[in-house]
Amino acid sequence: MRLLGDRCVFFSRRARRAITGFSSPLYVSLAILVCLFFANSARAGMSLQRQKLFQAALDSIPTGQDEKETLSPYFFVFAQGQDSDQLPLKSTRSEVSIAGVIARVKVTQVYKNEGGQTLEAVYLFPASTRAAVHSLQMTIGQRTILARIKKRKEARQEYEKAVKDGQTAALLEQQRPNVFQMSVGNILPGDEIEVELEYDELLVPSEGVYEFVFPTVVGPRYSNRVAKELNDQERWIKNPYLHEGEKALHTFGIDLNIYSGIPIAKVSSASHAVNVEFTSKRVAHVSLADSKAYGNRDFVLRYSLQAEEIEHGLLLFPGEKENFFLLMIEPPARIDSHDIVEREYIFVMDVSGSMSGFPLEISKQLMRDLLSDLKTSDYFNLVLFAGSNEVLSKDSLAASPENIQAAFDLVDTQQGGGGTELLPALERALSLPHKEGTSRIVVIASDGYIDVEKESFALIRKNLNEANVFAFGIGSSVNRFLIEGLARAGMGEPFIALDADEARRQAARFRKYIAAPVLQDIQVDFEGFEAYDLHSQVLPDLFAERPLVLFGKYKPSPKGSIVIRGQVSSQKMEGRINLSDAVSSRDNAALRGLWARHKVMSLTDMLAGDPADGKLIEEVTRLGLRYSLLTDYTSFVAVDTKVRADGKKVTKVRQPLPLPLGVSDNAIGTGGAGSGSLPGKVGGRVYRSMPAARTVMGSLSRSEIQRGIRKNMRSIRACYERALKSDSSLSGKIVVEFVIGPKGTVTNVKIVTSTVKSYQFQADILKVIRRMRFPRPAGGGSIVVAYPFIFRSIN
């Protein structure tokens, strides 16, 4: 045996093999496993010098927090005697009012402490990427406390001080534009606390159909970044999740009303069974058909107006200090282009663990539809990515039947497994040789469960002259911030495929969009209308048949007109809206917050290229404070003035989330948000090892787990030696999950993933683990351990 840097290498009697790994804080790391292995199996035959060297390596293994701990979601396990009544969040319900093109949403979360300890509840929840959150209030009994907007750090400090001082407090923070975190501290036994937040959202129809989306769950995010090096805004990723198919531990309800100036033609939901009641031709009420529904997927409502008309025109809000406008102008009819444009398509397909099963089948259907429709004059290539990435060909291929079939064959073999290393895949896709004389289009298909959204946007913008980017979100609850942001950065369009049927429809829409933009080279001129502070100075080409949207401010006494110019195919187009036709009303007050939200989005896009730009951060912070808006740098905090507890014994509870509908357990741990390479590649690089042990109402130190593993190393070695006698080339990865129960015994042993092609070897490993014994966890709880072994030839 010898030590090589941070790994140990074992020389078998029959062949040389390496068992390698990377350390991780709450897991017994692979490196530790190997060291323990040799400490027991080989020390007897070591020279004194080697024993000292090996002992030094053991002594250097940290027993506290690992410096290289990576962020990771984890599974929630009830301790013995614990049930869902001890979790404080009981329900979340939403009241939605849609009038014209603006949705006003009120979300009420109810927290109740039915246990005997004072609690602090932390709940991670999603929202629309376009939600302008402008108010928060907390109700305790008969008292209602209105929250104030503050700088993020100041709000967090005020909240923590209040909790320490025994005051009940609530803190709302934005982790991503579509991910919020609610913290409610000092929930006393018997308390029922309601927290209400309100936001506005602009609805923009596409092809005559309006869509309102209310996300209900945050999908688990893959991350390979070291936790200690990140700020609190990134650590939300380490959140507990329930297992696949387990229902959310709180109820979900939604009540929605549509008010339209044009008769409503049709209302339906693509995600849920709903009851629709028309109180008039212009008013519809929508509720869930299942009163016991729970939030494990996006609620998607679609409606259209008579003759597929849309609400458009110019809205004005004359404020006390500032005036705001919203322009929505209907696009011209699409003109089919007869120009033959040779195109090169680079398809980037996510085959990671979180895509395993239902989402991957949707993605395969999408890829079959997209590939089948390529023209013979087109070229294409395919990049698959998980923990690593693979390309179909070093150069783009002609879209011949043989090449398309080769792509079909590669796609059909994918099973889903490993991490989600999107950035390296994008870098590879964008660096592929560009077929001369073609227009390149990059198409990305993913659920978006990563934490490097801004870095991905920056990479796309850096290569904007290389390609347009279209992004497909796959699944029931995708990361729309990533999918929409990729398309916006790449001057393309986002698509969401909830199921296989939608994948076909979205593929058809994509084909129509790329055939010819609806409007190109768009310019807006103001004639006599004094507009300023536009949310975007550059308007991208319009691919979808939806209104052109522009927010801005204007000076008093509006007059004149707004002129929109562009090009449709080879024809020039001009549209004009007179200020005399505008709808000016104090009822349009939502435009104030919506303008600020869209302005913040524009600044955030710029920050993606330079996250440390102090001036941009200062401007976003100023906007949040001035317009009472939740942002990355501003938060809402509500503090009860009454001291209700001593603040010394507060138990923090992170509300576990259900996995989104169709997402498997592979999204958590090494199977999905963890390490791994593409399926079929044995012994690929391990990008990350996950924290292996999570406890609920109990604890067991890392050193105690180490000692339990150490006692069984001879048996693990014996299993491997026996397997090598049958197959001297045996190598690969086995990830085993097991539960250490309240008595220290091991139960629920199973293999999560394995690339070792020996069922007997797998069975032998499981037998050894079932016989393991550990100390009893303090507090009588259970501990889930996920343990990755990697065997690799080093010939």
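Remember, predicted model here, so these are calculated numbers, not experimental data.

A few points about the overall build of the chain
And step 1. Along the backbone of the chain there are 14 helices and 41 strands.
And step 2. As displayed, the chain offers around 32400 Å² of accessible surface, 48% of which is attributable to carbon and sulfur atoms.

Here we look at the sheet that holds strand β19 (residues 283–288)
And step 1. The eight strands lie next to each other as β9-β8-β13-β6-β5-β16-β19-β18, forming an open sheet whose pairing is mixed. Either end of the sheet is taken by a strand with one partner, and the two such strands are β9 (143–146) and β18 (274–280). Strand-to-strand twist across the sheet, computed as the mean angle between neighbouring axes with direction ignored, equals 15°.
And step 2. Two elements, strand β5 (residues 89–99) and strand β16 (residues 251–259), share nine bridges in a ladder whose sense is parallel. From the neighbouring strand, valine 96 faces β16, where its bridge partner is leucine 256.

Side note on the packing of helix α7 (residues 453–462) against helix α8 (residues 480–489)
And step 1. Taken N-terminus to C-terminus, the directions of α7 and α8 make an angle of 15°; their axes are 9 Å apart at the nearest point. Between α7 and α8, the angle falls in the class roughly parallel. Between α7 and α8 the crossing geometry is right-handed. For the pair formed by α7 and α8, the contact residues are Glu453, Ser456, Phe457, Ile460 and Arg461 on the first element and Phe481, Leu482, Gly485, Leu486 and Ala489 on the second.
And step 2. Grouping the constituent residues of the contact of α7 with α8 by class yields six nonpolar, two polar and two charged.

A closer look at the side chain of serine 456
And step 1. Note that serine 456 resides in helix α7.
And step 2. When neighbours within four sequence positions are excluded, serine 456 is seen to be in contact with Leu422, Leu423, Leu426, Ile450, Leu482 and Leu486.

A short note on the pattern of salt bridges
And step 1. All told, the structure shown has 41 salt bridges when counted by the stated rule.
And step 2. Here aspartate 605 and arginine 488 are joined by a salt bridge, their closest N and O atoms 2.9 Å apart. Here aspartate 605 is found in helix α10 (residues 590–609), whereas its partner arginine 488 is found in helix α8, with 117 residues between them in sequence.
And step 3. For aspartate 605, a relative accessible area of 14% puts it in the buried group.
And step 4. Residue classification places arginine 488 among the partly exposed positions, given a relative accessible area of 32%.
And step 5. What emerges from the salt-bridge pattern is a single network uniting Asp525, Glu527, Arg565, Glu574 and Arg576.

Quick notes on the side chain of serine 128
And step 1. Looking at the secondary structure, you find serine 128 in the loop between β7 (118–126) and β8 (132–140).
And step 2. By relative accessible area, which is 5% here, serine 128 ends up buried.
And step 3. There is a polar contact of 3.0 Å between the side chain of serine 128 and the backbone nitrogen of arginine 130.
And step 4. The residues touching serine 128, leaving out its near neighbours within four places in the chain, are Pro177, Asn178, Glu201, Val213 and Pro215.

Thoughts on the packing of aromatic side chains
And step 1. In total, this model carries 22 aromatic pairs according to the counting rule given.
And step 2. Ring geometry for phenylalanine 472 against phenylalanine 510: centres 5.8 Å apart, planes inclined by 70°, an arrangement best described as edge-to-face. Note that phenylalanine 472 is positioned in strand β28 (residues 468–474) and phenylalanine 510 in helix α9 (residues 500–515), a separation of 38 residues in sequence. Across the pair, exposure class does not vary: phenylalanine 472 and phenylalanine 510 are buried alike.
And step 3. With 5.5 Å between their ring centres and 65° between their planes, tryptophan 595 and tyrosine 627 make a pair best called edge-to-face. Of this pair, tryptophan 595 sits in helix α10 while tyrosine 627 sits in the loop between α11 (614–626) and β36 (634–643), and the two are 32 residues apart along the sequence. The two residues tryptophan 595 and tyrosine 627 agree in class, both being buried.
And step 4. Following the ring pairs from residue to residue traces out a cluster consisting of Tyr345, Phe347, Phe470, Phe472, Phe495, Phe510 and Tyr513.

Regarding unusual backbone geometry
And step 1. Although it is not a glycine, glutamate 207 sits at a positive phi angle of roughly 55°.
And step 2. With respect to the element layout, glutamate 207 can be found in the loop between β13 (192–202) and β14 (209–214).
And step 3. Of note in the backbone geometry, aspartate 521 takes a positive phi value of approximately 50° without being a glycine.
And step 4. Mapped onto the elements of the fold, aspartate 521 is located in strand β30 (residues 520–527).

Quick look at the confidence of the model for the chain
And step 1. On average, the chain scores 82 in pLDDT, and the residues at 70 or more come to 82%.
And step 2. At the level of individual helices and strands, the chain shows its lowest average pLDDT in strand β1 (residues 2–4), which scores 25, and its highest in strand β10 (residues 148–151), which scores 98.
And step 3. In this model, residues 670–698 is a region of pLDDT below 50 whose contacts with residues beyond four sequence positions or in other chains number 135 contacts.

A word on the sheet that holds β36
And step 1. One open sheet holds the six strands; their spatial order is β10-β36-β11-β12-β7-β37, and the pairing between them is mixed. The open sheet has two edge strands with one neighbour each: β10 and β37 (650–654). Each adjacent strand pair in this sheet contributes to an overall mean axis angle of 25°, direction not counted.
And step 2. Pairing of strand β11 (residues 167–176) with strand β12 (residues 179–187) involves seven bridges; the strand directions are antiparallel. Across the sheet, residue alanine 169 finds its bridge partner in β12, namely glycine 185.

What counts, and at which threshold
- Residues numbered from 1 in each chain as written.
- Predicted model: local features only at pLDDT ≥ 70, side-chain atom pairs only at ≥ 80, totals over all residues.
- Heavy atoms only, no water.
- Helix = DSSP H or I, 4+ residues; strand = E, 2+ residues; numbered from the N terminus.
- Areas by Shrake-Rupley, 256 points an atom, 1.4 Å probe, with all protein chains shown as cover.
- Pairing = 2+ DSSP bridges.
- Axes fitted to C-alpha atoms, helices over the stretch in contact; angles between N-to-C directions.
- Parallel < 35°, antiparallel > 145°, perpendicular 65-115°, else oblique.
- Left-handed = near helix turned anticlockwise from the far one by under 90°.
- Contact = heavy atoms within 4.5 Å.
- Nonpolar A, V, L, I, M, F, W, Y, C, P; charged D, E, K, R; others polar.
- Salt bridge = Lys/Arg side-chain N within 4 Å of Asp/Glu carboxyl O.
- Buried < 20%, exposed > 50% of the residue type's maximum accessible area, 1.4 Å probe, protein only.
- Polar contact = N/O pair within 3.5 Å; in protein donor to acceptor, adjacent residues only side chain to side chain.
- Phe/Tyr/Trp six-rings, centres within 6.5 Å; stacked < 30°, edge-to-face > 60°.
- pLDDT = per-residue confidence, 0-100.

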